[in-house]
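Examining the three-dimensional arrangement
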Amino acid sequence: MKSRSLYIGAILCIVVVFGALISFVWTPFDITLMDIPNKLQTPSAVHWFGTDHFGRDIFSMIMIGARTSLAVALVAVGIGMGIGVPLGLWAAARTGGWTDEIIMRSNDLIFAFPSLVIAILITAVFGASAVNAIIAIGIFNIPVFARLTRGSALSLWEREFILAARVSGKNAIRVSVEHILPNVMNLLIVQGTIQFSLGILAEAGLSYVGLGAQPPVPSWGRMLADAQTMVSLAPHLALIPGFAIVISVLGLNLLGDGLRDLFDPRIRVERT
Amino acid sequence: MTVIPRKLAFASALALAAGIGSAQAAQTDITVALQLEPPHLDPTSAAAGAIDSVLYSNVFEGLTRFMADGSVVPGLAKEWDISEDGLTYTFHLHEDVAFHDGTEMDAEDVKFSLDRARAEDSVNAQKALFTGIADVEVVDPLTVRVTLSEPDGSFLFNMAWGDAVIVAPESIEGIKNNPVGTGAFKFADWVQGDKIDLVRNEDYWGDAPALEEATFKFISDPTAAFAAVMAEDVDAFVGFPAPENLPQFDADPRFTVLRGSSEGETILSINNKLQPLDDLKVRKAIAHAINREAIIDGAMFGLGTPIGTHFAPHHPDYVDLTHLSQYDPELSKELLAEAGYPDGFKTTLKLPPPSYARRGGEIVAAQLRAIGIETEISNLEWAQWLEQVFRGKDFGLTIISHTEPFDIGIYARPDYYFQYDNPEFREVMDTLQRTTDPEARSELLAQAQTIIAEDYVNGYLFQLAFPTVANAKIEGLWENAPTQATDLTGVRWTD
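Model, not experiment: these values are computed from the prediction.

**Section: unusual backbone geometry**
Here the residue pair Pro-215 of chain A and Pro-216 of chain A is connected by a cis peptide bond, since its omega of 10° sits within 30 degrees of zero. One can find Pro-216 of chain A in the loop between α8 (172–208) and α9 (220–227). At Leu-40 of chain A, a position not held by glycine, the phi torsion is positive, near 55°. Its place among the elements puts Leu-40 of chain A in the loop between α1 (2–25) and α2 (58–93). The phi angle at Asp-96 of chain B is positive, at roughly 55°, despite the residue not being glycine. Turning to its location among the elements, Asp-96 of chain B is positioned in the loop between β5 (88–93) and α3 (107–118). On the basis of relative accessible area, Asp-96 of chain B is assigned to the exposed category, the value being 67%.

This is the structure:
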């Protein structure tokens, strides 16, 4: 059972990533060139996904849009992991102390804010751009990873092999890096795929309200926004970027589920 | 026993039917949607046309006024005498005209309004309208004598502008939030970010309007605009922002679509003082890089007339100068190379919210990229645009529709946001102001149009269409927009 969602998820993700990578070297059409006489065409052999209101090839735009989505989500998850995980490890190592309190309470503080609202605030203050969208989404990934890391690290600290490591003279930093981190990695990877999909959604949301990547950089969210008034004229304008978002988010979630099952020792035991 | 209740029932049914009937016939409230909300409510101290869109002729009136066809007719002045030399205008005001706060409108108020507008420290956005006035004199409470320093053929036209409406010294303090005028509607309430309510002025000096209440709702998002009209949340949308949706309204018997023309010259404004845009060759290159047809088709779905200068094509004195900036990207590249930018350059393109600007901006950016000019697009909210571009002059390129009527005079103002400074042009405009002979005026106007077209001050794109979508039962809305106004005084519900 577990393998099906893993495989479907992996295939969907590979399709999206593959499309994004290929777009660096090749797209069917140059999306910087507008071909207004051929606007709003329905999907055909020439334009596989049709053309948008400027006559640009939607298939090419989806490919480059995937790049924007993945880049934003990747860096945002990177920020979240890069800062959140060390903070979580640190807090777990100093559990009960004031370091733990300060780290976790400030994480709670960030966690308590509605993330999209703060993202809108950040982009409104510092200007709308893909970089600011990345930072905004990244900040909200920090507490997610910090909490997860601390929670699972705490139970590890009670285990015998950690005690043995401590007895053999390793300090808290070495124990965290050499013994705790490898043992929470599985969880982090699973959470990472989930956060990745949320990052794609957040980027689409910010671009939709005009706070993400600025034109002419294609973005799935802005394609949706542009399509709004034309939904009744050319539904594919909204459906295609919508599907692109659904497929990548679904793919990542299935992949995350599959990975969780794969890594979960309890399920692994049951299977054997 | 059974007869009476039946009779009663019949009678009450009749009464009910009659009641419903009369209620339908007497619908006297209207909700009109506009795309832009005014920043404040004083038309005499801001350039924002959104103020006039709500208040002109409804709340505020001038000595003269524009009609739906663009003609200028008497307003608060019922008649006037012009001296032989064309220097003195004696206005005779209507009697018994009161401001909404109950104070009387008389010659003192006219003097106050005109003196305030032409004063040294005046913040009137169209101060040029009043510079020709040498003196304003109160002859008696209902007579004002305006003396001009030179004959001005367009003085009565100037006095019809929303910037020249008559205000009262008693209420000037709070005018930005509580406008007090003489019009057929009184200001009632402003829920910022949402709507402005007007109610009928029962003491109006002129013909009473059919409507008792009017609400202006502000919906800037084209999708929300479409939804609001379709769901009949609003009775009319004046200046409908999504031209791609008009065919759907055409097909729906609930609505009428008016495809009017506006006074909006939609231009790619160029910062004439910013390097390298201060170079005539660079501006000419930009002008030739623009494919107007593509912009009209792509941004406006075909709605709009190409223009080659800053003048409305429906104006009798319009000269078609589109050939001066014909689409010719090869010529553009040559011109850029001649100007010393063979590889192009980078500049900013700051776009206000309307879809003509946002969509048109993307198309212009693509067309400029084709000749090597990279533009960094930033989509600004209206207030940001006014702050950064219009007042701050911090921009390279922008797209905006200049919706004031007959506004070629802005090119004679070196401090205007695109900062065009040409003494020759100012000379022509000065002569124009002194000229009353229609033929000579036409010639001067043609000359003025040609100068700015040959100087490639801005990229001239198209005349903005003015689509209005309204409930089919509403009549009396202006089809065209000869000035920024949503005149509700003649609007009524039929049936």
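**A look at the interface of chain B and chain A**
Across the boundary between the two partners, chain B contributes 20 residues, which contact 17 residues of chain A. In total, chain B and chain A occlude about 1700 Å² of area from one another, counting both sides; carbon and sulfur atoms represent 57% of this. It is Phe-301, Glu-362 and Arg-369 of chain B in chain B that bury the most area against chain A; as a group they hold 31% of the surface buried on that side. Across the contact surface, chain B and chain A share two salt bridges.

**A few points about the UniProt feature "domain: Solute-binding protein family" (unreviewed entry) in chain B**
Under the feature "domain: Solute-binding protein family" (unreviewed entry), the UniProt entry names residues 72–399 of chain B. From the first C-alpha to the last, residues 72–399 of chain B spans 30 Å; its make-up is 26% helix and 26% strand.

**With respect to the domain arrangement of chain B**
Frequently, the measure chosen for interface size is the accessible area that the parts lose on association. Residue and element names in this part refer to chain B. Per the domain assignment, the segments of chain B are domain 1 (60–170) and domain 2 (264–465). Placing a centre on the C-alpha atoms of domain 1 and another on those of domain 2 gives a separation of 32 Å. The interface of domain 1 with domain 2 comprises twelve residues on the first partner and ten residues on the second. Of the roughly 910 Å² buried between domain 1 and domain 2 on both sides combined, carbon and sulfur atoms contribute 53%. Considering only the surface of domain 1 that becomes buried against domain 2, Glu-150, Pro-151 and Trp-161 emerge as the three largest contributors, covering 36% of it.

**Brief notes about the packing of aromatic side chains**
Inspection of the entire model under this criterion finds 30 aromatic pairs over all chains. With a centroid separation of 5.2 Å and 65° between ring planes, the pair formed by Tyr-417 of chain B and Phe-418 of chain B is classed as edge-to-face. By relative accessible area, which is 1% here, Tyr-417 of chain B ends up buried. On the numbers, 6.0 Å between centres and 65° between planes, the contact of Tyr-420 of chain B with Phe-425 of chain B is edge-to-face. Take Tyr-420 of chain B and Phe-425 of chain B: they sit in the same class, and that class is buried. In this arrangement the basic side chain of Arg-67 of chain A is found over the ring face of Phe-24 of chain A, its NZ or CZ atom lying 4.3 Å from the centre.

**What about helix α12 (residues 423–434) of chain B?**
Residue and element names in this part refer to chain B. Taking 1.5 Å of rise per residue, the twelve residues of α12 would be expected to cover 16 Å, and the 17 Å separating its terminal C-alpha atoms lies within 8% of that figure. Of the positions making up α12, those classed as buried are Phe-425, Val-428, Met-429 and Leu-432. All buried residues of α12 fall inside an arc of 95° around its axis, so they share one side. Buried residues belonging to α12 abut α13 (438–454). Near the N-terminus of α12, the side chain that reaches the backbone nitrogen of Glu-424, with its oxygen 2.9 Å away, is that of Asn-422.

Conventions adopted
- Residue numbers run consecutively from 1 along every chain, following the written order of its sequence.
- Whichever chain is written first is A, and whichever ligand is written first is 1; the rest continue in order.
- Per-residue local features are limited, in this predicted model, to residues with pLDDT of at least 70; the limit for side-chain atom pairs, both in listing and counting, is 80 or more; totals at the level of whole chains, interfaces and linings are taken over all residues.
- Side-chain calculation: all heavy atoms of the structure are included, whereas hydrogens and water are not.
- Numbering goes from the N terminus for both helices and strands, where a helix is a DSSP run of H or I of at least four residues and a strand is a run of E of at least two.
- Accessible area is worked out with a 1.4 Å probe on protein chains only. A residue is then buried under 20% of its type maximum, exposed over 50%, and partly exposed in between.
- Residue contacts follow a heavy-atom distance rule, with two residues in contact if any of their heavy atoms lie within 4.5 Å.
- Reported buried area values correspond to the accessible surface (1.4 Å probe) lost by two parts on association, with both partners' losses combined.
- Here a salt bridge means any side-chain nitrogen of Lys or Arg lying within 4 Å of a carboxyl oxygen belonging to Asp or Glu.
- UniProt positions are given in the numbering used here, feature names are shortened, and annotations may be inferred rather than shown by experiment.
- Per the annotation, domain bounds derive from an automatic or database assignment of domains.
- Stacked, edge-to-face and tilted labels apply to pairs of Phe, Tyr and Trp rings (six-membered ring for Trp) whose centres lie within 6.5 Å, assigned for plane angles under 30 degrees, over 60, and everything in between, in that order.
- Whether a charge sits over a ring depends on NZ of Lys or CZ of Arg being within 6 Å of the ring centre and within 35 degrees of the ring normal.
- What a helix is expected to span follows from its residue count: subtract one and scale by 1.5 Å.
- The arc refers to the directions leading from the helix axis to the C-beta atoms.
- Contacts described as polar in this section are N or O atom pairs within 3.5 Å, which, within protein, must combine one atom able to donate a hydrogen with one able to accept it, while residues neighboring in sequence count only if both atoms come from side chains.

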